[in-house]
Amino acid sequence: MSKLGNLGARLYRGEVGYDFVGKRKIWYGISILITITAIVGLAVRGLNMGIEFSGGAVFTTPSTSVSAEAARETAEQTSGHTAIVQKLGNGPLRVQVSDLTTEQSRATQEALAKQLGVSTDKVNTDIVGPSWGDEIAKKAWYGLGIFMILVVIYLAIAFEWRMAIAALIALIHDLTITVGVYALVGFEVTPGTVIGLLTILGYSLYDTVVVFDGLKEGAKDITKQTRFTYSEIANRSLNGTLVRSINTTVVALLPVAGLLFIGGGFLGAGMLNDISLALFVGLAAGAYSSIFIATPLVADLKERDPQMKALAKRVRAKRAAQAAKGESGEEPRDEVPGDEEEETEDPAGVVGPRQSAARARGTRGGRPQGKRR
Amino acid sequence: MAAPKKGRRSPGGQGRPGRVLALILIAMVALTGGMFASGRTTPRLGIDLAGGTSFTLEAKNEPGKPNAINPTNMNTAVGIIERRVNGLGVTEAEVQTQGDNHIIVNIPKGTNAKQARQQVGTTAKLGFRPVLSVAPGAKNEPTPDASSPGKDKDAKDKDGKTKPSGSPSASASSSASGAPSASASPRQQGRPVTDAVKADATPSASAVAKDDKAKDEKKDDAKKDEGKKDDKSKEPTPSPADVAALQKKLDALDCTTPEGRAKASEAAAGAKTTDVIVACKKDGSAKEILGPVSVEGTGVTGADAVFDSQQGRGWLVQLKFDSSGSKKFADVTGQLAGKQPPQNQFAIVLDGEVVSDPSVSTSITGGQAEISGGFTQASAQDLANVLSYGALPLSFDVVTEQTVTAALGGEQLRAGLLAGAIGLGLVIIYLVAYYRGLALVALASLLASAILTYTIMVLLGQAIGFALNLPAVCGAIVAIGITADSFIVYFERIRDEIRDGRTLRPAVERGWPRARRTILVSDFVSFLAAAVLFIVTVGKVQGFAFTLGLTTLLDVVVVFFFTKPLMTLLARRKFFASGHPWSGLDPKRLGVKPPLRASRRPSAPVDPKEA
């Protein structure tokens, strides 16, 4: 773990780092590919909508020795509709019959109870009208719309509009991927899935916001220096918050994985499983998008800003001048690692609030800051 | 919890971390004490965990009343359903509105789901209709002068055939969800209008009530009735031709079986208030032709069952009408009083079934009426109940119905808790492995968060009826991640500061303002998501959103008033301050290269700067 800590330190100081922003075209390409796959999957295979959307009933029986096949026959004969029967864990059966009226479902419930030799009220029934799923879906869209508008406004105020837009695109990206996975794998879409999807909203943005917060801080006073362009600073702060992002994602995924694999595995299909599956897929997509999509997008948008263009120009000019002067290394990180002042000065130009401390140090010796500017 | 406020003094800043810590500990003790004082130490469990039956009702828009679905009407409906459900001996049933047009009815275990649905699902509409004709409840043999007895018989035979199979669902579709019954509808769709009108008489016709074609046919029917009504608006007696048609309907009606009654009442309930209908008496003893509704149930303001000992009339039901209701009632009773039996009766029709059909001897004015004769205490109270609470201002569809056995709910809760425990365990292992000693802070904070969440949930169960359902459990588990995220943000900040060469105490103070901002911004986004979810959705989703929102808020509270002060206190401990290898704050492990700046500047200025 200490290696990871060290890596964290090196990432933080910018000694090592991956050029996420520079190679953004690759990531955009991958994301576009995934998105297209998702959309094609959605168009071709469609979503496997649960009974909540078609109307029907789910019966869950107590543990029983009656075979799934026998239960299926009973359910189909009684209801006159196709039944799907699953054996859950160590005995209970889950019988799902779509397109069922209440009366039919009650008869089916009674028939199943009779077959199992238990009283009717031991057979758990969940009857859903066909309009219920639509209602939930409609409200979900409605909620999605409201949330997106509010969050864009909020992010535009808390950060800036470019970040708000990038976050929104990353969010849509996550949702598309999640829905695409559902279409391709054929997981059943239930109200639980819808809940999970809507929760991704908050989570996906949580990660993005943490990264953006670092970026905002890193980009403070950016126009007052000429060492880095916005994209470079974006990449540095991305690398700086990488450990944090990974940790938050892992920690968020762990309980969800617990729900998915233990809760779900124990009980088979059900609300817990539906929510956690959507969350799991969405969280993973969210972590990916906050690093590979959202920040590069911000950098892209920001580089179009005249101020940033001017900065990029100044940076290039300065680098050219330095190269002409034949300084040993353009980047301070290439200098002798033992030189403490260089170490701290490096982020000093990048991270605003640390400047004062660095400056204070600068006056006490080492190379005066002014020289570098 | 809004945008990060600048310049706010961090709670428990350097000065008095102990005081803030003590404050939140007192709050926790108070909440726990409150929980024990309130007499409940477990959260209220939702119907899906405790077992029972849950209905979701959706208010339907009715033609001609586009604005009927409004909060006032919804609340009235909730009140009526609640009294109805609880008035029937079910305890602790919950009825609440959800969203704009949904009502959730939760009935705890131990109730017969079928009966419960009858009470809740058949959302009664009450009306007073004049009685035009009465016949015994059994099905008559088709009269010879009926135009197509064969066909009627056909329909009947079909009914007769399906009934013995023992499945009440075979052709009836009393489901309010309106799914057309498969057996009845296809055949009728293709029928010519005249036949269809006739088919209306057969009980199964209601099955196609939602069908467009059937609607058209019905309209025809209604038009006829309206025309007739215009002709003799004062005399609710149909023309001879209609009488014949109605008689035929009446003949076809079979009120002796529950199925027949159910079908009849559904057909009658689906009819317009201006239609002449045929209906069964509730006990199946008679069937009646009824005129258009003369007084709507909404005109009744109250009804009581009273025992009359003075005149020896036994149990009777006293009715009170509102002003327009009493006027209409006076009119109709005035008309009826002069007629011969059975036309001097009015029928109290609840959801297409005749609950009572008292006869009238005089015009009843003044908004007060009495119904007497042959009541037992129970039947009088029943009728009074129906009259008081039977008239819902809206009609509803049951969109979901869920019965859960307590055993299964318990199993799911166990699975959920197990999953949560394992998830928590994994998080703890990860935190300990990565953050070493700091994980203690995280664990203590998670614990504080858990105590707060649990006690508040228990107390909210008492205060606002919050019930922990399965999605809510799921939300709480997911929230472990959110809560832990905040610590990670803060810890990483502190470590970054240490990497900059600070000693722990200044690092803790300087890292805080920036971590605080990140935590606030990201928690706000989470909270926003939860709030939007909570507001726009219904039912189960709301439980999830509520838990998520609650835990997000508590996360902020815990981080501000617990984690931060605790961190400040711990930073004074030698174990952490000296960067013990197991503290998670060892400068060497964090990659700070010697010589450590700390040794040169032991008294680093501690001024948390707002980022």
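Residues numbered from 1 in each chain as written. Chains lettered and ligands numbered in written order. Predicted model: local features only at pLDDT ≥ 70, side-chain atom pairs only at ≥ 80, totals over all residues. Heavy atoms only, no water.

### A few points about the pairing of strand E5 (residues 124–128) of chain A
All names here are of chain A.
Okay, step 1: E5 sits mainly inside the fold: 5 of its 5 residues count as buried.
Okay, step 2: Residues of E5 alternate between two faces, with Asn-124, Asp-126 and Val-128 on one and Thr-125 and Ile-127 on the opposite face, all of them buried.
Okay, step 3: Relative to E5, strand E2 (residues 56–60) is paired through 5 bridges, and the arrangement is antiparallel. Within E5, the residue paired with Val-58 across the bridge is Asp-126. (Buried < 20%, exposed > 50% of the residue type's maximum accessible area, 1.4 Å probe, protein only. Helix = DSSP H or I, 4+ residues; strand = E, 2+ residues; numbered from the N terminus. Pairing = 2+ DSSP bridges.)

### Looking at the packing of helix H2 (residues 24–44) of chain A against helix H7 (residues 161–185) of chain A
What describes two packed helices is the angle between their axes and the distance between those same axes.
Residues and elements named next belong to chain A.
Okay, step 1: The interhelical angle for the contact between H2 and H7, taken along N-to-C directions, is 45°, at an axis separation of 8 Å. Taken together, the axes of H2 and H7 are oblique relative to one another. Between H2 and H7 lies a crossing whose hand is left-handed. Side by side, H2 and H7 meet where Ser-31, Ile-34, Thr-35, Thr-37, Ala-38, Ile-39, Gly-41 and Leu-42 of the first sit next to His-173, Thr-176, Ile-177, Val-179, Gly-180, Ala-183 and Leu-184 of the second.
Okay, step 2: Classifying every residue of the contact of H2 with H7 by side-chain character gives 8 nonpolar, 7 polar and no charged. (Axes fitted to C-alpha atoms, helices over the stretch in contact; angles between N-to-C directions. Parallel < 35°, antiparallel > 145°, perpendicular 65-115°, else oblique. Left-handed = near helix turned anticlockwise from the far one by under 90°. Contact = heavy atoms within 4.5 Å. Nonpolar A, V, L, I, M, F, W, Y, C, P; charged D, E, K, R; others polar.)

### Quick word on the nonpolar core
Okay, step 1: Of all hydrophobic cores here, the largest spans 141 residues; its most connected members are Phe147(A), Leu155(A) and Tyr230(A).
Okay, step 2: In this structure Leu155(A) touches Glu160(A), Ala164(A), Ala167(A), Leu205(A), Val209(A) and Val525(B), once residues within four positions along its chain are discounted.
Okay, step 3: Among the nonpolar cores identified, the runner-up in size contains 24 residues, and Val300(B), Ala303(B), Phe329(B) and Ala384(B) belong to it. (Core = buried A, V, L, I, M, F, W, Y, C linked by side-chain atoms within 4.5 Å.)

### Topic: a nonpolar patch on the surface
All names here are of chain A.
Okay, step 1: The grouping of Ile-32, Ile-36, Val-40 and Val-44 at the surface amounts to a nonpolar patch, some 380 Å² of accessible area in total.
Okay, step 2: Its place among the elements puts Val-44 in helix H2.
Okay, step 3: On the basis of relative accessible area, Val-44 is assigned to the exposed category, the value being 67%. (Patch = residues over 30% accessible without salt bridge, like charges linked within 9 Å, V, L, I, M, F, W, Y side chains within 5 Å. Areas by Shrake-Rupley, 256 points an atom, 1.4 Å probe, with all protein chains shown as cover. Salt bridge = Lys/Arg side-chain N within 4 Å of Asp/Glu carboxyl O.)

### Things to note about unusual backbone geometry
Okay, step 1: Its identity as a non-glycine residue notwithstanding, Arg436(B) has a phi of 50°, on the positive side.
Okay, step 2: Residue placement: Arg436(B) occurs in the loop between helix H13 (406–435) and helix H14 (438–463).

### Thoughts on the confidence of the model for chain B
Residue and element names in this part refer to chain B.
Okay, step 1: This prediction gives chain B a mean pLDDT of 69; 64% of its residues lie at or above 70.
Okay, step 2: Within the model, pLDDT remains below 50 along residues 1–14, and this stretch shows 38 contacts once partners closer than five positions in the same chain are excluded.
Okay, step 3: When the criterion is pLDDT under 50, residues 141–236 qualifies, and its contacts beyond four places in sequence or with other chains add up to 117 contacts.
Okay, step 4: Across the interface, the model reports ipTM at 0.74; the global pTM reads 0.63. (pLDDT = per-residue confidence, 0-100.)

### Quick look at the pattern of salt bridges
Okay, step 1: Applying the stated criterion to the full structure yields 18 salt bridges over all chains.
Okay, step 2: Between Glu160(A) and Lys302(A) there is a salt bridge, with its nearest N and O atoms 2.9 Å apart. Here Glu160(A) is found in the loop between helix H6 (130–158) and H7, whereas its partner Lys302(A) is found in helix H11 (residues 271–303), with 142 residues between them in sequence.
Okay, step 3: For Glu160(A), a relative accessible area of 16% corresponds to the buried category.
Okay, step 4: A relative accessible area of 11% places Lys302(A) in the buried class.
Okay, step 5: For Asp305(A), the salt bridge goes to Arg162(A), with nearest N and O atoms at 3.3 Å. Here Arg162(A) lies in helix H7 and Asp305(A) lies in the loop between H11 and helix H12 (306–325), a separation of 143 residues in the sequence.
Okay, step 6: The exposure class of Asp305(A) is buried, given its relative accessible area of 16%.
Okay, step 7: What emerges from the salt-bridge pattern is a single network uniting Asp213(A), Glu217(A), Arg493(B), Glu497(B), Asp500(B), Arg502(B), Arg510(B), Arg514(B) and Arg517(B).

### Brief notes about the sheet that holds strand E4 (residues 93–98) of chain A
As a general point, the strands of a sheet are linked pairwise by backbone hydrogen bonds and lie either parallel or antiparallel.
Okay, step 1: Read from one edge of the open sheet, 8 strands run E3(A)-E4(A)-E2(A)-E5(A)-E13(B)-E1(B)-E3(B)-E2(B), paired in antiparallel fashion. The open sheet is flanked by strand E3 (83–87) of chain A together with strand E2 (94–98) of chain B, the only strands paired with a single partner. Going from strand to strand, the sheet's axes swing by 15° on average, the running direction of each strand aside.
Okay, step 2: Examined bridge by bridge, E3(A) and E4(A) share 5 bridges and lie antiparallel to one another. Opposite Lys87(A), over in E4(A), you have Leu93(A) as the bridge partner.
Okay, step 3: The sheet strands contacting helix H4 (residues 68–79) of chain A are E3 and E4 of chain A, and the helix crosses E3(A) at an angle near 155°.

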